[in-house]
Structures are given as C-alpha cells and as structure tokens.
Amino acid sequence: MKMYLLSLGAGILVGIVYSLLNVRSPAPPIVALVGLLGILLGEQVVPMVRHALRGAPVTLGWIAEHRLPHICGELPSGTDPRQAAAAPPDRGDAAG
C-alpha cells in the first residue's frame, strides 16, 4: 500500500509543479493510462516470443504464472490471494 501512496504523492507533486509553471500535462489522463497499459503489455511480447522459440507452449496458465504478476503487480511473498481478498483493508504501517 505504501508504494501506491508514494506513487500518488509523486503524481500530485508533479501536478502542483505543472500548475505553478502553467504547463499542461502531456496527455489527457485516460490516454496516459491506456499508454501505460500498452507499455506493460508490450513488455510481455519479448519474453513470450523467447518462450515460444524454445519450443515451449505459451498457455494461459504460463501467462498467469509468469507474465501476469508483472502486469498486475506481485503480492508480497507468502500472501495467499484468497486470504488477502477476505482480509480487512490495510490501514498503513504505524512503524513508518
């Protein structure tokens, strides 16, 4: 959760600087988000092609295990996704 808050904070800071300098953001938000999604998906093409060239099948199971964590972000090690979905939301780390 801390990573997301830091990312949001950095984005807000850049937005404030843009505003102070009277600079428009480079793209409308939805265009920027679609572009970021394209980057994430495009990064997966080379590993998939390499995997296929080794003669291994590129199955949905392989994509889910090896490529999807990079696209969606990995859960902390040892976290069971079923338990994470049922757990109450993280309220932050009191220690820092």
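Position labels on residues start from 1 in each chain and follow its written sequence. Residues qualify for local features only when their pLDDT is at least 70, as the model is predicted, and side-chain atom pairs are given and counted only at 80 or more; totals for whole chains, interfaces and linings, by contrast, use all residues. Note that the side-chain values use all heavy atoms of the structure and ignore hydrogens as well as water.

Enquirer: Can you lay out the overall build of the protein for me, pointing to particular residues and giving the numbers?
Expert: Helix numbers and strand numbers start at the N terminus; a helix is a DSSP run of H or I with at least 4 residues, a strand a run of E with at least 2. For the protein, the count of helices and strands is 6 helices and 0 strands. Starting at the N terminus, the α and β elements of the protein follow one another as α-α-α-α-α-α. Using a 1.4 Å probe on the protein chains alone, a residue whose accessible area is under 20% of its type maximum counts as buried, one over 50% counts as exposed, and one in between counts as partly exposed. Counting the 96 residues in the protein, one finds 4% classified as buried.

Enquirer: Before we move on, could you go through a nonpolar patch on the surface and cite the residues and values that matter?
Expert: The residues that make up patches have over 30% relative accessible area and no salt bridge, and they are joined within 9 Å when like-charged or within 5 Å when they are Val, Leu, Ile, Met, Phe, Trp or Tyr. Here the Shrake-Rupley method, with its probe set to 1.4 Å, supplies the accessible areas, and only the displayed protein chains count as covering residues. Salt bridges are defined as contacts in which a side-chain nitrogen from Lys or Arg sits within 4 Å of a carboxyl oxygen from Asp or Glu. On the surface, a cluster of nonpolar side chains totalling about 790 Å² of accessible area is made up of Leu8, Ile12, Leu13, Ile16, Val17, Leu20, Leu21 and Val23. Looking at where Leu13 falls in the secondary structure, it is placed in helix H1 (residues 2–20).

Enquirer: With reference to specific residues and values, describe the side chain of Arg67.
Expert: With respect to the helices and strands, Arg67 occurs in the loop between helix H4 (60–66) and helix H5 (68–72). One buried charge, Arg67, has no salt-bridge partner; the nearest side chain with opposite charge is Glu43, at 7.5 Å. By definition in these notes, contact holds between two residues if any of their heavy atoms fall within 4.5 Å. Non-local contacts of Arg67, meaning those with residues more than four positions away in its chain, are made with Gln44, Pro47, Met48 and Trp62. Counting rule applied: Lys, Arg positive; Asp, Glu negative; His and chain ends not counted.

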